[in-house]
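# Working through the structure, step by step
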Amino acid sequence: MAEKVEQKVEQEAPKKKKREVLPGAKALQDIVTNVYQKAWDDKKAGKPVGWSASKFPCELAEAFDLAVVYPENQAAGIAARHDGERMCQEAEDMGYDNDICGYARISLAYAAGIETTNESRRVPEPDFVLCCNNICNCMTKWYENIARMHNIPLIMVDIPYRNEFGVSDDNVEYLKAQFQDAIKQLEEISGKKFDEEKFKEVCANANRTSEAWLKVCKFCSYEPSPMSGFDLFNHMADVVTARAKPETAKAFEQLAEDLQRYHEEGKSTAPFKENYRILFEGIPCWPGLRNLYHPLKENGINVTAVVYAPAFGFVYDDIDSMARAYCKAPNSVCLEEGVEWREGLMRENGVEGALINYNRSCKPWSGYMPEMQRRWTENLGIPCAAFDGDQADPRNFNVAQYETRVQGLVEAMEERRQMRKETK
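First, a word on scope: everything that follows refers to the structure included in this document. Just so it is clear, the structure is predicted and the values come from calculations on it, not from any experiment.

## Regarding the packing of helix α16 (residues 335–348) against helix α18 (residues 369–380)
Two elements in contact, α16 and α18, have axes whose closest approach is 10 Å; the angle formed by their N-to-C orientations is 45 degrees. Taken as axis vectors, α16 and α18 run oblique relative to one another. Seen along the crossing, α16 lies across α18 with a hand that is right-handed. Taken together, the residues of α18 that come into contact with α16 (itself represented by Leu335, Glu336, Gly338, Val339, Arg342, Glu343, Met346 and Arg347) are Met369, Glu371, Met372, Arg375, Trp376, Asn379 and Leu380. Grouping the constituent residues of the contact of α16 with α18 by class yields seven nonpolar, two polar and six charged.

And the structure:
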């Protein structure tokens, strides 16, 4: 009898309305899977496979049709599927300090032969590695260790930290020389000669993807936004792993059309009414993404500004501007440029507050956040709330602390609204 009652209750309970999967989002679903599959297929066929830093100029390897996978993307996927803590611990048992990047620890454990339980994020062993330190200097030692473990070539592009606005001509020449050196190494690895026309085609694809991606990001400036800011986080893997592929550009162009339609129809991918608009600063805590999202949803908070997502929109006209484009990364620009970049985004996207991840995995990013917070409050008058988190290691994220900080931010934003009403 009890079983029948339970079945009746289940039958009579209102069914949740399924969220529409936008055509562009659907087209993007297989992008990363196909990148991983090509790596396995090429490895099986005896072709070289590379592991690459996410902001290494992908156009160089793509011009040789080389299969490349991305340890940062792999580590984020492993962390999101709740296998990050075990992999981090494995790396620590090997002697790597638990104070270094969680992505690095997961990747180094995997490179050493520790298998992940997340089958969808398994990749073949590398035959070469591509490293670029425009993200951070941890990348350099991380990829050096992978190269040493497997006794394989390391192709390095060194991008100097910028202490002032703009990229000097000397830096451009320095980078162009490194591009040429990387091309020579890739010729040896691939057994192919560099094809200038193929390279131009690849660059055109990468630019097309970046322009479409930035257009997608721009929809967050609409009020109300036709998208949830978390959608940008969900699509990060696509723009990282397949930026130079035409199918990625086409899918993002479709997504931009979908969002334009949503805007015109007054719809949004956010499953709640937008009440507050905030900047989310930093990389999300992938192991606790649901915990990260829940209190925002409960309070009607939409993330309408992030630096992490548009930072992968590399747009350029020629090899010189390509060098300049790859110099622009959140951790490779001076404090003043970083502040200006974010404040411009916050003004344009109408944010009322900022939520900052003091990411234990990313010391360069989190290190100057207190000063940034001070300037945002002083220059824009917006309240800021910070929480301790980690992009990959769940041991560094406390849900209760996070929920308290979100609630504090809501109260501060509401107080600011009331004060602004009273002064009108």
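## Quick look at the nonpolar core
Side chains of a nonpolar character, in soluble globular proteins, are inclined to be buried together. The biggest cluster of nonpolar side chains holds 145 residues, and the ones touching the most others in it are Tyr103 and Leu355. Of all the elements, helix α10 (residues 196–218) adds the most residues to this core, at eight residues. Ignoring anything within four residues of it in the chain, the contact list for Leu355 reads Ile278, Leu279, Phe280, Glu281, Leu296, Ala385, Phe387, Tyr402, Val406 and Leu409.

## Overview of the environment of Ala325
Relative to the elements of secondary structure, Ala325 occurs in helix α15 (residues 319–325). Distance in space between the C-alpha atoms of Ala325 and Val315 is 6.6 Å, their sequence separation being 10 residues. Setting aside chain neighbours within four positions, we find Ala325 in contact with Phe314, Val315 and Tyr316.

## Observations concerning the packing of aromatic side chains
Taken as a whole, this structure holds 17 aromatic pairs when the rule is applied. Taken together, a centroid distance of 6.2 Å and an interplanar angle of 40 degrees make the contact between Trp51 and Tyr110 tilted. Residue Trp51 is found in strand β1 (residues 49–52), and its partner Tyr110 is found in helix α7 (residues 102–111); the two are separated by 59 residues along the sequence. Trp51 gets classed as buried once you look at its relative accessible area, which sits at 2%. Under the relative-accessibility criterion, Tyr110 is labelled buried at 8%. Positioned above the aromatic ring of Tyr36 is the side chain of Arg121, whose terminal nitrogen or guanidinium carbon lies 4.9 Å from the ring centre. A cation sits over an aromatic face here: Lys328 above Trp341, 4.6 Å from the ring centre.

## So, the sheet that holds strand β8 (residues 384–389)
Within the open sheet, the four strands sit side by side as β6-β5-β7-β8. Their pairing is parallel. The strands lining the two open edges of the sheet, one partner per strand, are β6 (301–305) and β8. Ignoring which end each strand starts from, the neighbouring axes of this sheet average 35 degrees apart. Packed on one face of the sheet, α18 meets β5 (276–281), β7 (353–359) and β8 and runs near 175 degrees to β7.

## Description of the state of the cysteines
The tally for this structure, following the rule as stated, stands at zero disulfides. Unpaired in this structure, Cys334 has its nearest cysteine sulfur neighbour in Cys327, at a distance of 13 Å. Residue class for Cys334 comes out buried when judged on its relative accessible area of 3%. Cys362 takes part in no disulfide bond, and the closest cysteine sulfur to it belongs to Cys136, at a distance of 6.0 Å. According to the relative accessible area criterion, Cys362 is buried, its value standing at 9%.

## Brief notes about the pairing of β1
Residues of β1 alternate between two faces, with Val49 and Trp51 on one and Gly50 and Ser52 on the opposite face, all of them buried. Two elements, β1 and strand β2 (residues 67–69), share three bridges in a ladder whose sense is parallel. When the bridges of β2 are listed, Trp51 appears paired with Val69. When β1 meets strand β3 (residues 128–132), the two strands line up parallel, connected through three bridges.

Here is what the cut-offs are and how they apply
Residues numbered from 1 in each chain as written. Predicted model: local features only at pLDDT ≥ 70, side-chain atom pairs only at ≥ 80, totals over all residues. Heavy atoms only, no water. Axes fitted to C-alpha atoms, helices over the stretch in contact; angles between N-to-C directions. Helix = DSSP H or I, 4+ residues; strand = E, 2+ residues; numbered from the N terminus. Parallel < 35°, antiparallel > 145°, perpendicular 65-115°, else oblique. Left-handed = near helix turned anticlockwise from the far one by under 90°. Contact = heavy atoms within 4.5 Å. Nonpolar A, V, L, I, M, F, W, Y, C, P; charged D, E, K, R; others polar. Core = buried A, V, L, I, M, F, W, Y, C linked by side-chain atoms within 4.5 Å. Buried < 20%, exposed > 50% of the residue type's maximum accessible area, 1.4 Å probe, protein only. Phe/Tyr/Trp six-rings, centres within 6.5 Å; stacked < 30°, edge-to-face > 60°. Lys NZ or Arg CZ within 6 Å of the ring centre and 35° of its normal. Pairing = 2+ DSSP bridges. Disulfide = S-S within 2.5 Å.

Purely geometric stuff here, so don't read any function into it on its own.
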